[in-house]
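Residue strings, one per chain:
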Amino acid sequence: MRELLLKSDDLFVISRPGDEIGLSFDADHLPPLPRGWTRTFLLYADGFSKEMDINSASPDQISPLPFHGMSRYPYEWPEQYPLTEKRRRYLEEYNTRVVTSPIPRIEVTTVGR
């Protein structure tokens, strides 16, 4: 996955609850801090998050895939994920996991009076 995290593009790491990405770096070359000080590191990320709430429209599906130039999400036809050859290879190489336990739908019933 490392190569998917090196730059901002439309090739995303698709994860699910419980997945983890570890980040580490060598801070030994940073200047020393005054006594009693601590450092705080902030991670600036560029990505999209899809809610896995069972009350949302499609919590158990990753499609349609988001992309930076989309006008809204979910986008509607004729707008579509820009499927270049590079993006096709990305889908074939990285988006291979199949999750077979769908989130149950909430059934709504109405009672007439």
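Refer to the preceding data block for the structure.
Description of the structure in this document. Along each chain, the written sequence defines residue order, and numbers are assigned to residues from 1. Per-residue local features of the predicted model are confined to residues with pLDDT of at least 70, and side-chain atom pairs are confined, for both listing and counting, to 80 or more; whole-chain, interface and lining totals are unaffected and use all residues. Remark: hydrogens and water are excluded; side-chain values derive from all non-hydrogen atoms of the structure.

What to know about the packing of aromatic side chains
Then, number 1: Between rings of Phe, Tyr and Trp, where Trp is taken as its six-membered ring, a pair exists when centres lie within 6.5 Å; planes separated by under 30 degrees are stacked, by over 60 edge-to-face, and by other angles tilted. Scanning the model with the defined rule gives six aromatic pairs in all.
Then, number 2: Each ring, one from Tyr73 and one from Tyr75, has its centre 6.2 Å from the other, and the planes form 75 degrees; the classification is edge-to-face.
Then, number 3: Working definition: with a 1.4 Å probe on protein chains only, accessible area under 20% of the residue-type maximum means buried, over 50% means exposed, and in between means partly exposed. Residue classification places Tyr73 among the partly exposed residues on the basis of a relative accessible area of 35%.
Then, number 4: A centroid spacing of 6.2 Å and a plane angle of 40 degrees characterise the contact between Tyr90 and Tyr94, whose relative ring orientation is tilted.

Here we look at a nonpolar patch on the surface
Then, number 1: Patch membership requires more than 30% relative accessible area and the absence of a salt bridge. Residues of like charge join within 9 Å; the nonpolar side chains Val, Leu, Ile, Met, Phe, Trp and Tyr join within 5 Å. For the area figures, the Shrake-Rupley method with a 1.4 Å probe applies, and any residue is considered shielded solely by the protein chains shown. Here a salt bridge means any side-chain nitrogen of Lys or Arg lying within 4 Å of a carboxyl oxygen belonging to Asp or Glu. A cluster of nonpolar residues, Leu23, Phe25, Leu30, Phe41 and Leu43, forms a patch on the protein surface that exposes about 570 Å² of accessible area.
Then, number 2: As for its placement among the helices and strands, Phe41 is situated in the loop between helix 1 (2–5) and helix 2 (85–94). Labels follow the DSSP assignment, with helices taken as runs of H or I lasting at least four residues and strands as runs of E lasting at least two, numbered in each case from the N terminus.

With respect to the nonpolar core
Then, number 1: One finds Leu4, Leu11, Phe12, Leu65, Phe67, Met70, Tyr75, Tyr81 and Tyr90 forming the largest nonpolar core, which totals nine residues.
Then, number 2: Contacts are residue-level and defined by heavy atoms, with any inter-residue pair within 4.5 Å sufficient. Aside from chain neighbours lying at most four places away, what touches Leu11 is Leu4, Tyr81, Lys86, Arg87 and Tyr90. By convention a nonpolar core is built from buried Ala, Val, Leu, Ile, Met, Phe, Trp, Tyr and Cys residues, the set being connected through side-chain atoms within 4.5 Å.

Brief notes about the environment of Arg97
Then, number 1: Residue position: Arg97 is located in the segment after helix 2.
Then, number 2: Judged by relative accessible area, Arg97 falls into the partly exposed class, the value being 48%.
Then, number 3: Once you skip the residues sitting within four places of it in the chain, Arg97 turns out to touch Ile14, Ser15, Arg16 and Asp19.
Then, number 4: Counted as a polar contact is a pair of N or O atoms within 3.5 Å, where, for protein atoms, one must be capable of donating a hydrogen and the other of accepting one, and residues adjacent in sequence contribute only when both atoms are in side chains. One polar contact links Arg97 to Asp19, side chain to side chain, over a distance of 2.6 Å.

With respect to the pattern of salt bridges
Pairs can form between side chains of opposite charge once their charged atoms are near each other.
Then, number 1: One pass over the structure, following the stated rule, counts four salt bridges.
Then, number 2: The residue Arg87 makes a salt bridge to Asp10 at a minimum N-O spacing of 3.0 Å. With Arg87 in helix 2 and Asp10 in the loop between helix 1 and helix 2, this residue pair connects regions lying 77 residues apart in the sequence. Of the two residues, Arg87 and Asp10, neither departs from the other in class, the shared state being buried.
Then, number 3: For Arg97, the salt bridge is made with Asp19, and the minimal N-O distance between the two is 2.6 Å. Of the two residues, Arg97 is situated in the segment after helix 2 and Asp19 in the loop between helix 1 and helix 2; the sequence distance between them amounts to 78 residues.

Keep in mind that these numbers describe shape and distance, not what the molecule does.
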